[in-house]
Amino acid sequence: MAYDTTTVGHRPVVDLTDRRALESWHPAAPDVVAEARRLKEAALLDFGLTESVVASWIYAKCHHQIPTTAVPTAAVVASGDGSCPLLYNPGFFVRLGLEGVKFVLFHEARHLVHRHLFADPELRADPVFTLAAEVAINHVALVRLGRKELPQLDGRPTGVDPREIHRDYAGDLTAQGLEPLGYDAFVETDMTVFSELKRMRQPPVPTVSCVHLTDPETADGDQPTLDETVSSALVNSLLAARRGHPGAERELLDLMDRTDGTSEHASRVWGRLGAGALRGRTPRTGKVDWWQRWLVDVLASKLREGERLVYPKKRGALLAALGHDPMLSRCGPVREKNLVIAYDTSGSMPDAVVDWLTELVGQIDGVTAHWLSFDGAVMPFHPGEKVYGGGGTSFQAVADYVEGRTTVDGRGFEEIPDAVVMLTDGYAPHITPAEPDKWIWLITPGGNDWPDHHTPPMACHRVTTGDR
Ligand SMILES: [Zn+2]
């Protein structure tokens, strides 16, 4: 990010992944730190309420948020230990004020999303792509935050102004006798900005850039950590959208429109996420099926917070009502939801379905997953472990176990499940569980979907395996 031109090109003074070193490096005055922290908290709360559910989730996953003068501006660092600390310079935040802090924090969060969707090392090594990212991100920030201008630092706008870059671009193309795109078409997707800038005879070199772009170590960061953080934030935003959070839905749709189909990798990310569901149609990859959309919906409703504790603050209660719990959720003892996923191993389980479920469930926050395999008997397992099937199939064995009537190796199931997902071909004696409305049946191809017309009926859908 562009917010302090005087330090461009300077390596950070301490290792940005060393928390203790960051905190002890020339600490700012306590009142400056306090004010900066207040501004940061206020900005993140506004994200969660209205402005960016995605950014709110990303920062909810940055458990360490460290005021430090070791960075000139602000950066989210994907460090190798699986954490994503947010570093911010307290004096910089105080000089920016609340509106500027929001812009900068949104910009940083969007960088992570951008890196997640466009991970191609060749693209990222291209300085024009770096500039294109700044243009696209600041364009979105201006629109999303309802701004006319970039944030001001000491009375001057700071950052890459997408409209200025577009003016330079139009001038360059016109001089070459080429037809430039208008501003709206130029910024339509993250990749149009890049491909249009590439048409320039002399694409501008950014005079300013983000901490994580000037520091090779942070720039490369740790892609797996970053991918995990962002994709989890996207899944949770998707669930918030399916629970009826209108802001989340609009933001995700907009993000998809800007990125899906513009690169193979980006399309794959959206495909895996099952987010095509939001559009009511499958994305270009054709990987998302109705049953996936359906499952996200049903899970969202079954895992809905029914009895959420009231926060001391009014705004916190409002957040909870929106079905979204960003920063504040850590303040209260909210009960984790328990999700049971049971695989019928008496038949063959489609790998693609198992993989998709494992990934989806692994990314849902506030949920403890309990994995079971069953044939005639129940066997708990950990995702990734090989499960073996034997003879017979008994749905009743699963019900008996999760309802606490039986044990496995002397241990009973001690939780109360909020939802039970059964992946099975459906061929076994029918059952009526104690709480049928918590049960979700996924029926493999060629299976029997009796739970659909059982009395009482249960949530039930056929899965498709992708070999269509
Ligand atoms: Zn930037």
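Please read all numbers here as calculations on a predicted model, not as lab measurements. Residue indices begin from 1 for each chain and proceed along its sequence in written order. Only residues with pLDDT of at least 70 get local features here, since the model is predicted, and only at 80 or more are side-chain atom pairs given and counted; chain-wide, interface and lining totals rely on the full set of residues.

Within the protein chain, the regular secondary structure consists of 19 helices and 13 strands. Contacts are defined on C-beta atoms placed from the backbone: any two residues whose C-beta positions lie within 7 Å are in contact. Pairs at least 24 residues apart make up 63% of the contacts formed inside the protein chain by residues separated by at least 6 positions. The secondary structure listing takes helices from DSSP runs of H or I that are at least 4 residues long and strands from runs of E that are at least 2 residues long, numbered from the N terminus.

On to the confidence of the model for the protein chain. In this model, the protein chain carries an average pLDDT of 81, and 82% of its residues clear a pLDDT of 70 or more. Each residue gets a pLDDT score, which is the predictor's confidence in that residue and runs from 0 to 100. Note on residues 1-9: pLDDT is under 50 here. Beyond four places in sequence and across chains, it has 28 contacts. Considering only residues more than four positions removed or in separate chains, one finds that residues 306-322, a stretch of pLDDT under 50, has 24 contacts.

This brings us to the pairing of strand β11 (residues 419-424). Burial analysis of β11 places six of its six residues in the buried class, which makes it a mostly covered element. With C-beta atoms placed from the backbone, a residue is buried if 20 or more other C-beta atoms are within 10 Å of its own, exposed if 12 or fewer are, and partly exposed between those counts. Neither face of β11 is exposed, since Ala419, Val421 and Leu423 on one face and Val420, Met422 and Thr424 on the opposite face are all buried. Two strands make a pair as long as DSSP finds a minimum of two bridges between them. With five bridges joining them, strand β6 (residues 337-344) and β11 adopt parallel strand pairing. In the sheet register, Ala342 faces β11, and the bridge partner there is Met422. Alignment of β11 against strand β12 (residues 439-443), held across five bridges, turns out to be parallel. Counterpart to Leu423 in the pairing with β12 is Leu442.

Across the sheet, three strands lie side by side as β1-β3-β2; this open sheet has mixed pairing. With one partner strand each, in any of the chains shown, β1 (65-67) and β2 (74-76) form the two edges of the open sheet. With direction set aside, neighbouring strand axes in the sheet form an average angle of 10°. Where β2 and strand β3 (residues 86-88) come together, three bridges link them in antiparallel fashion. Orientation is described by lines fitted to C-alpha atoms, with helices fitted over the stretch in contact, and by angles between N-to-C directions that extend from 0 to 180 degrees.

Once that is clear, we can look at the pairing of strand β7 (residues 367-374). Two strands pair when backbone bridges link them, and β6 and β7 are joined in this way by eight bridges, in the parallel orientation. Looking across to β7, one finds that Asp344 is bridged to Phe374. For a crossover, the right-handed case is the one in which the path from the first strand over the helix to the second runs clockwise, viewed with the strands pointing away from the viewer. For the crossover from β6 across helix α18 (residues 351-362) to β7, the handedness is right-handed. Two elements, β7 and strand β8 (residues 378-381), share four bridges in a ladder whose sense is antiparallel. Bridging from a neighbouring strand, Trp371 pairs with Phe381 of β8. The antiparallel pairing of β7 with β8 creates a hairpin that spans three residues between the two strands.

With that settled, the discussion passes to the nonpolar core. Counting residues in hydrophobic clusters, the biggest one holds 116 residues, and the most contacted among them are Val54, Ile58, Ala342, Val398, Val421 and Met422. Considering each element in turn, this core owes the most residues, 13 residues, to helix α4 (residues 90-117). Both domains that meet at this core, namely domain 1 (5-233) and domain 2 (335-468), each give it at least three residues. Those residues in contact with Met422 that sit more than four places away from it in its chain are Ala342, Val398, Trp439, Ile440, Trp441 and Leu442. Take the buried Ala, Val, Leu, Ile, Met, Phe, Trp, Tyr and Cys residues, join any whose C-beta atoms are within 7 Å, and the set you get is a nonpolar core. Note that domain bounds follow an automatic or database assignment of domains.

For the rest of this paragraph, the subject is helix α19 (residues 395-402). With six of eight residues buried, α19 is to be regarded as a mostly interior element. Considered for burial, the residues of α19 that qualify are Phe395, Ala397, Val398, Ala399, Tyr401 and Val402. Lining the buried residues of α19 we find β6, β7, β8, β9 (407-408) and β11. With its phi angle positive at about 85°, Gly404 sits one or two positions after the end of α19.

A few words on the packing of helix α3 (residues 53-60) against α4. Running from N to C, α3 and α4 cross one another at 85°; their axes reach a closest spacing of 9 Å. Classed by the angle they form, the pair α3 and α4 counts as roughly perpendicular. Contacts between α3 and α4 involve Val54, Ala55, Ile58 and Tyr59 from the first element and Leu105, Phe106, Ala109, Leu112 and Val113 from the second. Among the residues forming the contact of α3 with α4, the class breakdown is nine nonpolar, no polar and no charged. In these notes the angle categories are as follows: under 35 degrees is roughly parallel, over 145 is roughly antiparallel, 65 to 115 is roughly perpendicular, and the rest is oblique. Gly falls in the polar group here, along with every residue not listed as nonpolar (Ala, Val, Leu, Ile, Met, Phe, Trp, Tyr, Cys, Pro) or charged (Asp, Glu, Lys, Arg).

Pairing in this open sheet of six strands is mixed, and the strands run β8-β7-β6-β11-β12-β13 from one edge to the other. Edge strands, defined here as strands with exactly one partner in the open sheet, are β8 and β13 (459-462). Looking at each pair of strands side by side, their axes are set apart by 20° on average, direction ignored. Contacts between α18 and the sheet are confined to β6, β7 and β11, with β6 contributing the most and set at about 170° to the helix.

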